[in-house]
Amino acid sequence: GRDGPANHGRLCVKGRFGFDYIHNERRLTTPLIRREGVAKDAAHIDQFKRGELPLSALFREASWDEALDLAANGLVRIRDATPALAPSRLAGFGSAKGSNEEAYLFQKLVRTGLRTHNVDHCTRLCHASSVAALLEGLGSGAVSNPVEDVAQAEVILLIGANPASNHPVAASWIKNAIQRGAKLMLADPRATPLARFASWHLAFRPDTDVALLTGMLHVIVGEGLVDEAFVKARVNGYEAAKAAVAEATPERMAEICGVSAEAIRDCARAFASSKASIILWGMGVSQHVHGTDNARCLIALSLLTGQIGRPGTGLHPLRGQNNVQGASDAGLIPMMYPNYQRVVREDAHAQFEAMWGTPLGREAGLTVVEIIKEAAAGRITGMLVEGENPAMSDPDLDHARAALAKLEHLVVQDIFATETAILADVVLPASAFAEKWGSVTNTDRLIQVGRPALNPPGQARQDLWAIEQLGRRLGLPWNYWRAEDGDGHAAAEAPVARVYEELRSVMEPLAGVPWRRLVREDAVVTPAEREDEPGHAVVFTERFPTADGRATLVPANFAPGPEQPDADYPLVISTGRVLEHWHTGAMTRHANVLDALAPVPTVSIHPDDALRLGVKHGETIRVESRHGAIEGVAELTRAAKPGHLFLPFAYWEAAANRLTGSALDPFGKIPGFKVTAVRAFAVPT
């Protein structure tokens, strides 16, 4: 086994057993066009998944030329029929599962070919709020330290994340650190597997993160635990932050969050006074209507105590998908060009207009959830979706599926007939990760190169080739993929390198990483300014990447979210992942071993709640919210808090987002996936 720089030979169950999905007989191998007269209907999704409706009833096979022409013509028709100053009726969703090159070319296609900034990807549904807070506070949305730095930390604060299921390699490093004497503070409503190793398990009430954290900040300010020298030299906004937490006494916050005042004090003291404290967080912090406020509190915790800019310290939002960091860097977001250049800034706007040789809009685009809302209202009528599955991953799912079905023209590029593909007009069969050249940037800011091990099956083609083919048909003068590179079936290195070098020309962190270095070294930590030097694993050591080099504290106050339990819906449900499945299950549920290990959707419930509802372990349980209903298999466990259910979202049979609402965080525009008021019943057999 080679010593991989990101995992040092450690694999999670998905890497070890989950690679056979690429050979699954359900892979898309030929372009598909919707049959004449077959209407789009969200009901077709479940009929297809249950095996009652064959794909051939909805689509006919086509040649690439016919499919690409039809795909592009539909988009051009909508684009050219929209009046010059009217909002665009088009949008694109790219993928954090693809490469940096694909992400860059896709957002360039939407911006220059579809002429809109309505381009986004799954980060909007995972860490958008964290990135909003980090950009505002530190001037950068990237992690400050790699996960491995837990080895040099004395205190590890892990909040709203379950690495044992979602980042198993990271979880193994956390366990190693604890064995060497580090102390773990686990803040999570559930007793997740790492709770056994924690010095403190702060089982707070769902959605009260801000109360818990402001209680800790109150103690740090009140007991003189602030690193005054660090704050004076490097932080703005201290007085306002101090005033904001003045009333947040541990006793008051304990009443709101359900963690004792004593535990709040102990944790605040331990975090502030240790030689090195690191904070790791996940979707449990970000997927809330208060996601941005949650992250602002974590940033304040780091800044006030000077626990940033050194090994073993800092802020690390654990990314949810293999290339969320890289896709965001490459500009696959509606308010930013590549390298986080804001669309509304005149200098950024001028730079990309000149570079791409085309006029660009001056207004930021719409985000994932906003795009779906506009589609439901009939204001967005055409979409291009590459390697993304909004018909499973979006909130208020019945509403989202109806919106997608309503589109006049939907083009989907993917490796399987996903729930979203069932609603498409044209489906383009794509390449899987093992079948292509391309770079990805992981949660540690480590850029790595992937090489093809296989060719895609049948008529399936390289994603990059297909994006360029669409671009040319939209009138773009692109010449990345040339005759000598082949017909787009086999992977070619040259066109990928051409796109990478264009992206690199606007990415300061990649200044010292030309394609030849990446191929030679396999992986380079970014930012890397020079080609003959390693990159920086720890950033913000001397200054922050802001105008004045200083960070800014942004106060946050606790406020209850819109989804409060009441007499009709007395329980709260959170959604997330199980170890064996990943995201919407589009890949892992096509991996034989993984699906055999976790074949059914489970609803975790505390035994006391189960007793009251008359639900037994292994029996069917029905869960209803104000938005929809699902049925799953009851899993009785004391890891769940009384009153709190948990549901993984990888199962089409119990699509978790049928339950969730679409209320958004006002800053990060992220939905509150983690807290939904529900009621539950035993289902009579």
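Scroll up for the structure.
Re the pairing of strand S6 (residues 183-187)
With four of its five residues buried, S6 lies for the most part within the structure. Both strand S5 (residues 155-159) and S6 contribute to a ladder of five bridges, which runs parallel. Its bridge partner lying in S6, Ile159 is registered against Ala187. In this structure, S6 lies alongside strand S7 (residues 200-202), joined through three bridges in parallel fashion. Paired with Leu186 across the strands is His201, a residue of S7.

Quick look at the packing of helix H9 (residues 209-222) against helix H15 (residues 291-304)
Axes are the key here: two packed helices are described by the angle between their axes and the distance separating the axes. In the contact formed by H9 and H15, the axes pass within 9 Å of each other and the chain directions differ by 20°. In terms of their interaxial angle, H9 and H15 are classed as roughly parallel. The handedness of the crossing between H9 and H15 is left-handed. Every residue of H15 that contacts H9 at Asp209, Val210, Leu213, Thr214, Met216, Leu217, Ile220 and Val221 is listed here: Asp293, Asn294, Cys297, Leu298, Ala300, Leu301 and Leu304. Here the contact of H9 with H15 is built from residues that sort into 11 nonpolar, two polar and two charged.

Quick notes on the sheet that holds strand S9 (residues 277-281)
Spatially, five strands are ordered S7-S6-S5-S9-S10 in an open sheet, and the strand pairing comes out parallel. This sheet does not close on itself; its edge strands, each paired only once, are S7 and strand S10 (314-317). This sheet shows a mean twist of 15° between the axes of neighbouring strands, independent of strand direction. Packing of helix H6 (residues 128-138) onto the sheet brings it into contact with S9 and S10, and relative to S10 it is tilted by some 155°.

Re the pattern of salt bridges
Within the structure shown, the criterion is met by 44 salt bridges. A salt bridge links Arg473 to Asp69, with the nearest nitrogen and oxygen atoms 2.7 Å apart. Residue Arg473 is located in helix H21 (residues 463-473), and its partner Asp69 is located in helix H4 (residues 64-81); the two are separated by 404 residues in the primary sequence. Of the residues examined, Arg473 reaches a relative accessible area of 23% and is grouped as partly exposed. For Arg679, the salt bridge is made with Glu624, and the minimal N-O distance between the two is 3.0 Å. Here Arg679 is found in strand S25 (residues 676-682), whereas its partner Glu624 is found in strand S22 (residues 620-625), with 55 residues between them in sequence. Among the residues examined, Arg679 registers a relative accessible area of 27% and is labelled partly exposed.

Some remarks on the sheet that holds strand S18 (residues 523-525)
If you trace the three strands from one edge of the open sheet to the other, you get S16-S17-S18, paired in antiparallel fashion. For this open sheet the edge positions go to strand S16 (438-441) and S18, each flanked by a neighbour on one side alone. This sheet shows a mean twist of 20° between the axes of neighbouring strands, independent of strand direction. Bridge count between strand S17 (residues 446-450) and S18: three bridges; the pairing is antiparallel. Bridging across to S18, Leu446 finds its partner in Val525.

Observations concerning H6
With nine of its 11 residues buried, H6 lies for the most part within the structure. Every buried residue of H6 is listed here: Ala128, Ser129, Ser130, Val131, Ala133, Leu134, Leu135, Gly137 and Leu138. Backbone geometry just after H6 places Gly139 at a positive phi near 85°.

Cut-offs and rules
Residues numbered from 1 in each chain as written. Predicted model: local features only at pLDDT ≥ 70, side-chain atom pairs only at ≥ 80, totals over all residues. Heavy atoms only, no water. Buried < 20%, exposed > 50% of the residue type's maximum accessible area, 1.4 Å probe, protein only. Helix = DSSP H or I, 4+ residues; strand = E, 2+ residues; numbered from the N terminus. Pairing = 2+ DSSP bridges. Axes fitted to C-alpha atoms, helices over the stretch in contact; angles between N-to-C directions. Parallel < 35°, antiparallel > 145°, perpendicular 65-115°, else oblique. Left-handed = near helix turned anticlockwise from the far one by under 90°. Contact = heavy atoms within 4.5 Å. Nonpolar A, V, L, I, M, F, W, Y, C, P; charged D, E, K, R; others polar. Salt bridge = Lys/Arg side-chain N within 4 Å of Asp/Glu carboxyl O.

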